[in-house]
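Below are the chains, spelled out letter by letter.
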Amino acid sequence: MPASSNFQQAIREAQSSALVGPNVVSKALPYVGGGMVLTAGGVMGGLTLMASSPTLFMPLFWVALIGNFILFFVAQNVAMKGNNSAALPLLAAYSLLTGYTLSGIVAMAIGTAGIGAIGTAALATGITFVIASFVGRRMSDSVGQSLTAVVGLGIVGLLIAMVVQLVGSIFVPGFGMGGFGMGGFELMIAGFGTVLFVGAAFVDFYTMPRTYNDDQYLAGALGMYLTYINLFIFILRLIIALNGGSRRD
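Residues numbered from 1 in each chain as written. Predicted model: local features only at pLDDT ≥ 70, side-chain atom pairs only at ≥ 80, totals over all residues. Heavy atoms only, no water.

**Considerations on the overall build of the protein chain**
Across its full length, the protein chain holds 8 helices and 0 strands. Going from N to C terminus, the protein chain has its helices and strands arranged as α-α-α-α-α-α-α-α. Residues classed as buried in the protein chain amount to 47% of the 249 residues present. Residue pairs at least 24 apart in sequence account for 86% of intrachain contacts in the protein chain once pairs closer than 6 positions are excluded. In the structure as shown, the protein chain presents an accessible area of about 11300 Å², 72% of it carried by carbon and sulfur atoms. (Helix = DSSP H or I, 4+ residues; strand = E, 2+ residues; numbered from the N terminus. Buried < 20%, exposed > 50% of the residue type's maximum accessible area, 1.4 Å probe, protein only. Contact = heavy atoms within 4.5 Å. Areas by Shrake-Rupley, 256 points an atom, 1.4 Å probe, with all protein chains shown as cover.)

And the structure:
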């Protein structure tokens, strides 16, 4: 799963109403959209390879997953320095690799609930973005800082639950679901993750102008991109869990 958004840093840095980057959101949004398009391309590439050369898919998946994590930290570091010309190709490559690593869960969602599951997840993510962009920019400091803290703590809890699920699936067959799909524990995680990243979407619009200056728009775009990618993933997981994780005939 892609890395979570920039909430831990936001908790430390968004302590006042002073805007350090009043234009960073508007400058970042086109790159968030571009990252989503590249991610969709990566998903299509992964699905195509899965259908044509399934034995090749998994080795490349692990290579892409490792490369994905490395690129994230490199791109984030470069973007935080405001070196946007160097950060942009790194973020483009990261978005493509993220798409490839997501092709497995997309294929599972299609097999479980049909192609409509992807449209439902994409539509829900888009609606969340529209509402969050309106409400998040207008949140008061008291609400914004409180929600930021709640979401940050929630992400810690979510990570702990996912580790428990992973360990449980190794030692207790069938626990949590073992991959994605079945089990009350997976349904709980998927539901909690969906609600959490809906809240995170609102937080991003509040924290970005208080965390990044205008030259760090690609760093802000990366954080927002991760929020919506994670929201999309957890909506898919919720759909899979609600459908029992079984493949449709």
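**Brief notes about the packing of aromatic side chains**
Applying the stated criterion across every chain yields a total of 10 aromatic pairs. By the ring-pair criterion, three or more aromatic residues cluster together here, those being Phe57, Phe61, Trp62 and Tyr100. Residue placement shows arginine 138 over the ring face of phenylalanine 134; its charged tip is 4.1 Å from the ring centre. (Phe/Tyr/Trp six-rings, centres within 6.5 Å; stacked < 30°, edge-to-face > 60°. Lys NZ or Arg CZ within 6 Å of the ring centre and 35° of its normal.)

**Thoughts on the nonpolar core**
A general feature of soluble globular proteins is that nonpolar side chains tend to end up buried together. One finds Tyr94, Leu158, Met208, Leu222, Tyr228 and Leu236 to be the most contacted residues of the largest nonpolar core, which totals 56 residues. Those elements that provide at least two residues to this core are α2 (24-52), α3 (54-80), α4 (84-113), α5 (116-135), α6 (141-171), α7 (184-211) and α8 (217-242). With 18 residues, the top contributor of residues to this core is α8. Of all hydrophobic cores here, the second largest spans 6 residues; its members include Leu49, Ala64, Leu65 and Tyr100. (Core = buried A, V, L, I, M, F, W, Y, C linked by side-chain atoms within 4.5 Å.)

**Topic: the side chain of threonine 194**
Turning to its location among the elements, threonine 194 is positioned in helix α7. The residues touching threonine 194, leaving out its near neighbours within four places in the chain, are Leu231, Phe234, Ile235 and Leu238.

**Quick notes on the pattern of salt bridges**
According to the stated counting rule, one finds 2 salt bridges in the structure shown. Note that aspartate 141 is salt-bridged to arginine 210, the shortest N-O span being 3.7 Å. With aspartate 141 in helix α6 and arginine 210 in helix α7, this residue pair connects regions lying 69 residues apart in the sequence. Assessed through its relative accessible area of 13%, arginine 210 is described here as buried. Here glutamate 186 makes a salt bridge to arginine 237, at a shortest N to O gap of 2.6 Å. Taken together, the residues span a long stretch of sequence, with glutamate 186 in helix α7 and arginine 237 in helix α8 at a distance of 51 residues. On the basis of relative accessibility, which here comes to 2%, the residue arginine 237 falls in the buried class. (Salt bridge = Lys/Arg side-chain N within 4 Å of Asp/Glu carboxyl O.)

**Some thoughts on the packing of α3 against α4**
Relative orientation and spacing of two packed helices are given, respectively, by the angle between their axes and the distance between those axes. Packing of α3 against α4 leaves a shortest axis separation of 8 Å and a crossing angle of 145 degrees. Once α3 is placed against α4, the crossing between them reads as left-handed. Its residues placed into classes, the contact of α3 with α4 shows 20 nonpolar, 6 polar and no charged. (Axes fitted to C-alpha atoms, helices over the stretch in contact; angles between N-to-C directions. Left-handed = near helix turned anticlockwise from the far one by under 90°. Nonpolar A, V, L, I, M, F, W, Y, C, P; charged D, E, K, R; others polar.)

**Re a nonpolar patch on the surface**
Together, Leu123, Ile127, Val130, Ile131, Phe134 and Val135 make up an exposed nonpolar region whose accessible area comes to about 550 Å². Position of isoleucine 127 among the secondary structure elements: in helix α5. Note on isoleucine 127: relative accessible area 44%, which makes it partly exposed. (Patch = residues over 30% accessible without salt bridge, like charges linked within 9 Å, V, L, I, M, F, W, Y side chains within 5 Å.)

**Things to note about the packing of α3 against α8**
Where α3 contacts α8, the two axes come as close as 7 Å, and the packing angle between them is 140 degrees. With respect to their mutual orientation, α3 and α8 come out oblique. Of α8, the residues touching α3 (which contributes Phe72, Gln76, Ala79 and Met80) are Leu218, Ala219, Leu222 and Leu226. (Parallel < 35°, antiparallel > 145°, perpendicular 65-115°, else oblique.)

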